[in-house]
Each structure stands twice: as C-alpha cells, then as structure tokens.
Amino acid sequence: MLAVHPAVLAAIAAVFGLVIGSFLNVVIHRLPQMLERQWRAQCAEITGHPAAPAGEPFNLVRPRSRCPSCSTQILAIHNIPVLSYLALRGRCASCRAPISLRYPLVELAAGVVSGAVAWHFGFGWQAALALVFSWYLIALTAIDLDRQLLPDVLTLPLLWIGLLASLMPIAALTTPRDALIGAAAGYFALWVVFQLFRLVTGKEGMGYGDFKLFAAIGAWLGWQMLPLVLLLSAVVGAAVGLTLIVMRRHGRDVPIPFGPYLAGAGWIAMLWGPQIVVRYLGVAGLH
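Residues numbered from 1 in each chain as written. Predicted model: local features only at pLDDT ≥ 70, side-chain atom pairs only at ≥ 80, totals over all residues. Heavy atoms only, no water.

A. Spotlight on unusual backbone geometry. In this structure, P63 follows R62 across a cis peptide bond, with omega equal to -5°. Examined against the element boundaries, P63 turns out to sit in the loop between α1 (6-47) and α2 (83-87). For V82, which is not a glycine, the phi torsion comes out positive at approximately 65°. Within the element layout of this structure, V82 appears in the loop between α1 and α2. For V82, a relative accessible area of 18% gives the class buried. (Helix = DSSP H or I, 4+ residues; strand = E, 2+ residues; numbered from the N terminus. Buried < 20%, exposed > 50% of the residue type's maximum accessible area, 1.4 Å probe, protein only.)

B. Quick look at helix α7 (residues 208-221). Its 14 residues place the ends of α7 20 Å apart at the C-alpha level, agreeing with the 20 Å of an ideal helix rising 1.5 Å per residue. Where α7 terminates, the next one or two residues include G222, which has phi positive at roughly 90°. (Expected span 1.5 Å × (residues − 1).)

C. Representation of the packing of helix α4 (residues 125-147) against helix α5 (residues 152-165). It is the contact of α4 with α5, at a shortest axis distance of 11 Å, that shows an interaxial angle of 160°. The angle between the axes of α4 and α5 places the two elements in the roughly antiparallel class. Remark: the crossing between α4 and α5 carries left-handed chirality. In contact with L129, F133, Y136, L137, A139, L140 and I143 of α4, α5 contributes L154, T155, P157, L158, I161 and A165. Taken together, the residues that form the contact of α4 with α5 break down as 12 nonpolar, 1 polar and no charged. (Axes fitted to C-alpha atoms, helices over the stretch in contact; angles between N-to-C directions. Parallel < 35°, antiparallel > 145°, perpendicular 65-115°, else oblique. Left-handed = near helix turned anticlockwise from the far one by under 90°. Contact = heavy atoms within 4.5 Å. Nonpolar A, V, L, I, M, F, W, Y, C, P; charged D, E, K, R; others polar.)

D. Spatial organisation of the environment of K212. Take K212: it is sitting in helix α7. The buried category is assigned to K212, whose relative accessible area is 19%. Taking the C-alpha atoms as reference points, K212 and L156, separated by 56 residues in sequence, lie 7.0 Å from one another. Apart from residues no more than four positions distant in its own chain, K212 is found in contact with D152, T155, L156 and Y187.

E. A look at the packing of aromatic side chains. All told, the structure shown has 9 aromatic pairs when counted by the stated rule. For the ring pair F188 and W191, a centre distance of 6.0 Å and an interplane angle of 25° mean the geometry is stacked. Linking F188 with W191, this pair stays in helix α6 (residues 176-201), spanning 3 residues, or about one helical turn. A relative accessible area of 33% means that W191 is categorised as partly exposed. Here the aromatic residues Y187, F194, Y208 and F211 are joined through ring pairs into a cluster of three or more. Here the basic side chain of R102 rests over the ring of Y103, its NZ or CZ set 4.7 Å away from the ring centre. (Phe/Tyr/Trp six-rings, centres within 6.5 Å; stacked < 30°, edge-to-face > 60°. Lys NZ or Arg CZ within 6 Å of the ring centre and 35° of its normal.)

F. Spotlight on a nonpolar patch on the surface. Among the surface-exposed residues, L75, I77, I80, L83 and L86 lie close enough to one another that they form a single nonpolar patch of about 510 Å² accessible area. Tracing the backbone shows I80 in the loop between α1 and α2. The partly exposed category is assigned to I80, whose relative accessible area is 36%. (Patch = residues over 30% accessible without salt bridge, like charges linked within 9 Å, V, L, I, M, F, W, Y side chains within 5 Å. Areas by Shrake-Rupley, 256 points an atom, 1.4 Å probe, with all protein chains shown as cover. Salt bridge = Lys/Arg side-chain N within 4 Å of Asp/Glu carboxyl O.)

G. Expanded view of the side chain of S114. Looking at where S114 falls in the secondary structure, it is placed in helix α3 (residues 102-121). For S114, a relative accessible area of 0% gives the class buried.

Functional significance is not addressed by these values, which are geometric in nature.
What follows is the structure, encoded as structure tokens:
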C-alpha cells in the first residue's frame, strides 16, 4: 500500500519524523552537556584533582525530561510534538516559564524533512537511509547553532554509516568507490581551506568538525556532489553572515557556525543534486 500511495507514505513519515524530532531535542540539549561532563572528568584525572561527585545518571534516557526552570517532570501528555507547545502556549504547565521555540521548530523540521524524503525516494531502504542522514543533519545543525560544536560522536558515525551504506546496492545513494573518494576529498578540501585561511590571516576560519561533516556528506553522496554542496553552503553562509553584520546582530570578529550551511546544502544535494547540476550545466552551455 505504501509503495503505491506516496502521499500516505509521506504523511506517515512526517508524523514519525515529529516523534523523532522530539528525541532529537533531547540529543541537542543533553549531548553537549554529557560531553562537557566527560571532558571535566578526563581533565580531573589528568591533573590529579578529585573528580566531581557523579550524582544521578545523566544520559539520553535518564533522567526524565524536566522543566529547566522549576525541575518539574514533563508529563507524557505535555510531550506531544508541536501540539503540546501550542496547547500550552509555549509555557511550562507547572511554573508557566517560557519554553524555547527551538523545541517545536526542531520537531516541525524533522516532520517536514521526513515527509519530503519519503515523497522523493518512495518506499524502500533508500528512503530509510536518507531519513537517518536527514535526522543526523538536523541534530548537528542545532548543536552547532547552540554551541558552535560538531561532536565527533555524531559526525564520525555518520561518516561510517555513509561508507557502509554505499556497500548496499538496493539502498546506496552512491557507489563504494565514489563514497570513499568523497569522504577523503571532503575532509581534505576543507582542511586545505582552513590551512590557507590561517596562513593568510593568522586565524582559524573553521573547526575540524566542519571537515568531518563535509567528509560524511561526501561518503553519503559521493565526491560528485561536493562542489555543489560547498558552493551552496558558501553562498548562503556568506549572505547570512553579511546580513547579520549589516543588521549589527554580529560583530565582524564573532564566528558564525558553518556546519548548518553544510548540512542544509548536503540535504538539498541529496534530494535534487543531480537535477541542479544538470540544470546549471545546461544554463552554462557545458552539457
């Protein structure tokens, strides 16, 4: 049925994406804190200082979600994606403290993206892998916007999943050869840009997480899509950066995370990359 009715498949995927978006919010909020706790513990071990008391378990499952203002546990009825936020008018049910708009936006983004992927790829393993790729990109985008951090615990598994997925003929978005070249070329390309920028300006223009994310995108989509991804991300990033500077919401020396632009361009390239390339070559008269 789902293979015959793409609209039904897209609707189911969108609803499922909303639920996944709720979990992504947990990842986005807690994963950086988990990493900071690990780093503090490692620093304490290296320096010989006593580590802080462990306290209650803190991971992606425990403790249950709580209001950051009053620490009241969030009931299941208040955790329905998007709808609960609207019903509560964006405030905690207990203390009425405002809830960040990021939560429904992430859920809504996951739902829309999931529906679009299902509509584009149809029913099958390729759509399933594309959904995993999309969800990773959403989590990485939000964490980079919040913390200017692209954690290895997300970028490196994304890279390896992309390489392994290329070995599955029924689901792969590219060939193993193109995936391997794409991973190497993606990392090397931004590494070269990083080194040249540092040589010219004496500053670091991006982080190593950007290299790894670009490598992961190359592993998923193949090396052929890397120029398009880099072009789209650079153009949009420059436009947004200049707009923020003109509006004086960012100083010239305030870094702007590049990961969200790479992620957005990678997702666009996954769905429409070949058509964009063909259209560009046609306009340029190079076909």
